[in-house]
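# Fold and geometry: a report
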Amino acid sequence: MRRVLASTAVLMSALTLATACGSDEETPSGTSDPKVIEVTFDGDSVTPNGDRVEVERGQDVQLEVTADAPGEIHVHSDPEQELEYTEGTTTVTIQGIDQPGTVDVESHTLELVIVQLEVR
Amino acid sequence: MASPDGITLAHGLGGAKDLPISPELAIAGATAALVISFTVLAIAWRTPRYDAATSGRVAPPGLAAIVDSRAWRITWRVVGFAIFLYAVMVAVFGKDLAINPILGIVYVWWWVGLVPLSLFFGPVWKAISPVRTINLGFAKISGSDPDRGLFEYPERLGNWPAAFGLFAFVWLELVYPYPTELGPVRLWAAAYVAVMLVGGALFGNRFYERADPFEVYSTLVSRMSVWGRRGEQLVIRSPLANLDTTPVRPGLVAVVAVLFGSTAFDSFQDSTRWVKFVQGGDTSPYLLNNIGLLAFCVAAGAVFALGCVLTGLGDDLRRVELPNQFAHSMIPIIVGYIVAHYLSYLVEVGWLTLIYASDPFSNGSNWFGTADLPLFTWLSYHPTFLANTKVLAVVLGHVLGVIAAHERAIRILPKRHQLTGQLPLLFAMIAFTAGGLYLLFAA
């Protein structure tokens with residue numbers, strides 16, 4: 001039992017050391033240009049279709065929406081954001097998100113995930 | 001419809017989810033699990049160490065006196081029932097808003113919070129379960145024994161009803177399209193209470209012990225705590241020795257399969273792969289989610305059962321008994337994975353629920369003085385720490401699971417099959433752990 005525990009302890013600490021390097025607790029820059037994502041609504045479908053997009057903390061995200069009908073986009077950040085778009089071309093902006101995490105951006109109208117923002 | 005607080009009804013509880021762990025971290029974790037598994041096999045003990053009849057140290061008499069006292073039992077019954085009454089109140093009279101605390105009480109405090117509570121304090125749900133309390137109340141009024149019902153609980157049923165109950169809960173949480181609307185949550189909870197009361201009347205307290213999904217879950221997790229019983233006596237055991245005392249019952253493997261499979265599916269649902277697949281086709285997402293949840297639970301059970309039965313056997317044991325004989329060794333793996341999957345959710349949304357709890361009717365009141373507490377988001381703001389903790393929990397759970405399976409193998413398998421007989425299960429466990437880490441990386 002001792003030997004098992006000792007080997008386990010050694011391996012666990014090796015794992016901890018191997019993964020503990022690198023810290024990511026820096027403050028958001030907030031000065032970077034907004035991330036631009038083109039979004040196209042066509043009937044019942046949307047492009048992009050659930051892709052992951054990496055953004056920096058605090059970085060705004062501009063959605064250039066082309067749609068065949070007006071609708072609403074929900075951003076499941078804390079606090080939540082709601083954005084409305086019209087038929088034709090609309091540019092809407094998701095305010096920079098400060099809290100790191102994965103945030104779904106959904107078409108409320110179609111109940112589809114457009115993109116998942118990985119806020120780092 | 002959206003609420004002003006940043007939590008939506010259409011989307012489950014909580015806004016942002018954890019960032020995926022880095023591929024390096026996932027690979028480091030999987031490698032560690034692999035290496036440790038074979039290390040355990042190579043150097044661990046060769047004769048059984050744990051015996052429920054002798055293991056554990058007798059708890060200090062003062063502590064045992066408190067825990068076994070009538071006042072202690074009554075206190076926790078009262079605490080549990082007070083929370084239950086509060087939950088009924090907000091479920092019946094509260095508004096259908098995401099700031100209604102009932103959602104956090106059900107999905108976070110009850111479903112997730114039960115795990116750490118049982119891990120630290122033992123079989124918590126058994127102590128506070130309102131359905132047990134009501135059954136006890138009926139028995140007191142009618143002068144009968146709460147342990148006895150009209151019938152004997154059938155041995156063959158074992159934990160199967162609990163497995164179905166757990167599946168019903170994860171179905172509500174992960175598959176049903178409106179899990180955060182008040183009506184369905186209230187209906188589910190009412191059905192749970194009704195079934196439990198009927199079951200208690202028919203079979204007595206044994207029904208709760210074996211068929212109540214929450215009590216079975218809580219008591220299984222409590223086997224990894226240091227608190228155990230030897231006969232009636234309170235003892236302090238090593239978690240591994242305590243785990244070894246888990247009763248082997250029909251359906252136990254189904255319980256662990258549902259717990260592990262559903263948590264894995266919960267992760268998988270958030271992965272880009274699944275989102276794109278569901279949104280890309282013409283098949284209804286509801287149907288796909290149903291199939292997905294069931295497939296994950298069945299696959300978890302099948303892989304585990306296969307890992308158990310692929311061994312040489314003596315004459316004293318039938319092959320079909322093996323999965324339930326080994327099922328307790330899945331509990332550490334499940335607990336490790338639950339920690340990884342739910343840690344930030346439990347801490348942050350659990351805290352948020354405490355804030356909401358002060359305003360049960362969503363009219364701005366502050367019953368308990370918690371309404372103005374700030375959000376607790378420390379874990380989200382320290383994603384590296386969070387990711388490391390998650391992977392450590394998964395690997396530690398894996399190690400304990402492998403050791404628990406090893407102990408059982410050398411106890412029940414004939415000598416010549418003890419080492420080779422463990423290998424298939426070891427591979428199954430490595431598959432679970434690597435799969436779990438992959439999902440933490442992909443989701």
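The structure displayed is predicted, hence computed values, not measured ones. (Residues numbered from 1 in each chain as written. Chains lettered and ligands numbered in written order. Predicted model: local features only at pLDDT ≥ 70, side-chain atom pairs only at ≥ 80, totals over all residues.)

Looking only at helices and strands, chain A features one helix and nine strands. Along chain A, helices (α) and strands (β) appear in the sequence α-β-β-β-β-β-β-β-β-β when read from the amino end. Looking at chain A as a whole, 30% of its 120 residues qualify as buried. Of the contacts formed within chain A by residues at least 6 apart in sequence, a portion of 62% connects residues at least 24 apart. (Helix = DSSP H or I, 4+ residues; strand = E, 2+ residues; numbered from the N terminus. Buried ≥ 20, exposed ≤ 12 C-beta atoms within 10 Å, placed from the backbone. Contact = placed C-beta atoms within 7 Å.)

From N to C terminus, chain B includes 19 helices and three strands. For 443 residues, the compact-globule formula gives about 22 Å, and the C-alpha radius of gyration of chain B, at 22 Å, lands near that figure. Dimensions of chain B along its principal axes, counting C-alpha atoms only, are 70 × 60 × 40 Å. Counting over 443 residues, chain B shows a buried share of 49%. (Rg over C-alpha atoms; globule rule 2.2 N^0.38 Å.)

A separate point is helix α4 (residues 101-110) of chain B. Helical geometry note: an α-helix holds 3.6 residues per turn, so side chains three or four residues apart project in the same direction. Residues and elements named next belong to chain B. Counting buried positions along α4 yields nine of 10 residues, so the element is predominantly enclosed. Here α4 has its buried residues at P101, I102, L103, G104, I105, V106, Y107, V108 and W109. At its buried positions, α4 is contacted by α3 (70-93), α8 (160-174), α9 (182-203) and α17 (330-357).

This part takes up helix α13 (residues 252-269) of chain B. Taking 1.5 Å per residue as the helical rise, α13 of chain B with its 18 residues ought to reach 26 Å, and the 26 Å between its terminal C-alpha atoms agrees with that figure. Most of α13 of chain B sits out of view: 16 of its 18 residues are buried. (Expected span 1.5 Å × (residues − 1).)

Right, let's talk about unusual backbone geometry for a bit. All names here are of chain A. Note the cis peptide between T47 and P48, where omega equals -5°. With respect to the helices and strands, P48 occurs in the loop between β2 (45-47) and β3 (51-55). A cis amide bond links D78 to the next residue, P79, at an omega of 0°. Its place among the elements puts P79 in the loop between β5 (71-75) and β6 (81-85). Despite not being glycine, E111 shows a phi value in the positive range, around 55°. Note that E111 resides in the loop between β8 (101-107) and β9 (112-119). Assessed through the 13 C-beta atoms surrounding it within 10 Å, E111 is described here as partly exposed.

For Y337 of chain B, the position within the fold is in helix α17. It is 9.5 Å that separates the C-alpha atoms of Y337 of chain B and L440 of chain B, two residues lying 103 residues apart in sequence.

Here chain A shows a mean pLDDT of 82. Residues at 70 or above account for 74%. This model gives residues 20-25 of chain A a pLDDT under 50, and the stretch forms seven contacts once residues within four places in sequence are excluded. (pLDDT = per-residue confidence, 0-100.)

Residue and element names in this part refer to chain B. Their axes nearest at 11 Å, the elements α17 and helix α19 (residues 418-442) cross at an angle of 5°. Between α17 and α19, the angle falls in the class roughly parallel. In contact with I333, Y337 and A340 of α17, α19 contributes M429, F432, T433, G436 and L440. Class assignment for the residues of the contact of α17 with α19 results in six nonpolar, two polar and no charged. (Axes fitted to C-alpha atoms, helices over the stretch in contact; angles between N-to-C directions. Parallel < 35°, antiparallel > 145°, perpendicular 65-115°, else oblique. Nonpolar A, V, L, I, M, F, W, Y, C, P; charged D, E, K, R; others polar.)

So, on to the sheet that holds strand β1 (residues 35-42) of chain A. Residues and elements named next belong to chain A. Pairing is mixed across the open sheet formed by four strands, whose spatial order is β2-β1-β4-β7. Either end of the sheet is taken by a strand with one partner, and the two such strands are β2 and β7 (88-94). The sheet shows a mean angle of 20° between the axes of neighbouring strands, direction not considered. Relative to β7, strand β4 (residues 61-67) runs antiparallel, the two being bridged by seven bridges. The residue bridging V65 from the neighbouring strand is T90, located in β7. (Pairing = 2+ DSSP bridges.)

Right, let's get into the pairing of β1 of chain A. Along a regular strand, successive side chains alternate from one face of the sheet to the other. All names here are of chain A. Judged from the six bridges that link them, β1 and β4 form a sheet pairing that is parallel. Each bridged residue has a counterpart across the sheet, and for V39 the counterpart in β4 is V65. Bridging between β1 and β2 involves three bridges; their strand directions are antiparallel. Residue T40 lies in a different strand from β2, and its bridge partner there is T47. In this antiparallel pair of consecutive strands, β1 and β2, the connection spans two residues, and G43 shows a positive phi of 65°.

Here we come to the nonpolar core. Among soluble globular proteins, nonpolar side chains are generally buried collectively. Counting residues in each nonpolar core, the largest one holds 118 residues, and the members touching the most others are L166, V255, V256, V258, F260 and I334 of chain B. Among the elements that take part in this core, α17 of chain B stands out by supplying 16 residues, more than any other. Membership of the second largest hydrophobic core comes to 22 residues, among which are L63, V65, I94 and L117 of chain A. (Core = buried A, V, L, I, M, F, W, Y, C linked by C-beta atoms within 7 Å.)

Next up on the list: the pairing of β8 of chain A. Residue and element names in this part refer to chain A. Counted residue by residue, β8 has six buried out of seven residues, so it is predominantly covered. Relative to β8, β5 runs antiparallel, the two sharing three bridges. Within β8, the position partnered with V75 by the bridge is V105. Here β8 hands over to β9 after four residues, with E111 in that stretch at a positive phi of 55°.

What follows deals with the packing of α8 of chain B against helix α11 (residues 213-222) of chain B. All names here are of chain B. Contact geometry of α8 with α11 gives a least axis separation of 8 Å together with a crossing angle of 100°. Accordingly, the angle class assigned to the pair α8 and α11 is roughly perpendicular. Contact with α8, carried on its side by A162, G165, L166 and F169, involves P213, V216 and Y217 of α11 and no other residues of that element. Here the residues of the contact of α8 with α11 sort into six nonpolar, one polar and no charged.

Once that is clear, we can look at the sheet that holds β5 of chain A. The strand order across the open sheet built from five strands is β3-β9-β8-β5-β6 (chain A), with neighbouring strands paired in mixed fashion. Edge positions in the open sheet fall to β3 and β6 of chain A, since each of these has one partner strand only. If you compare each strand with its neighbour and ignore which way they point, the axes differ by 20° on average. On top of the sheet, helix α14 (residues 272-280) of chain B reaches β3 and β9 of chain A; it is set at about 165° to β9 of chain A, its chief contact.

Within the element layout of this structure, Y192 of chain B appears in helix α9. With 17 C-beta atoms counted inside 10 Å, the residue Y192 of chain B sits in the partly exposed group.

Our next topic: the confidence of the model for chain B. For residues with low pLDDT, the predicted coordinates do not support detailed interpretation. All names here are of chain B. Summarising the model, chain B shows a mean pLDDT of 92, and 97% of its residues fall at 70 or more. The least confident element of chain B is α14, whose mean pLDDT is 91; the most confident is α11, at 98. A low-confidence stretch, residues 1-11 stays under pLDDT 50, and its non-local contacts, those more than four residues away or across chains, total 27 contacts. Here the predicted complex carries an ipTM of 0.83, next to a pTM of 0.91.

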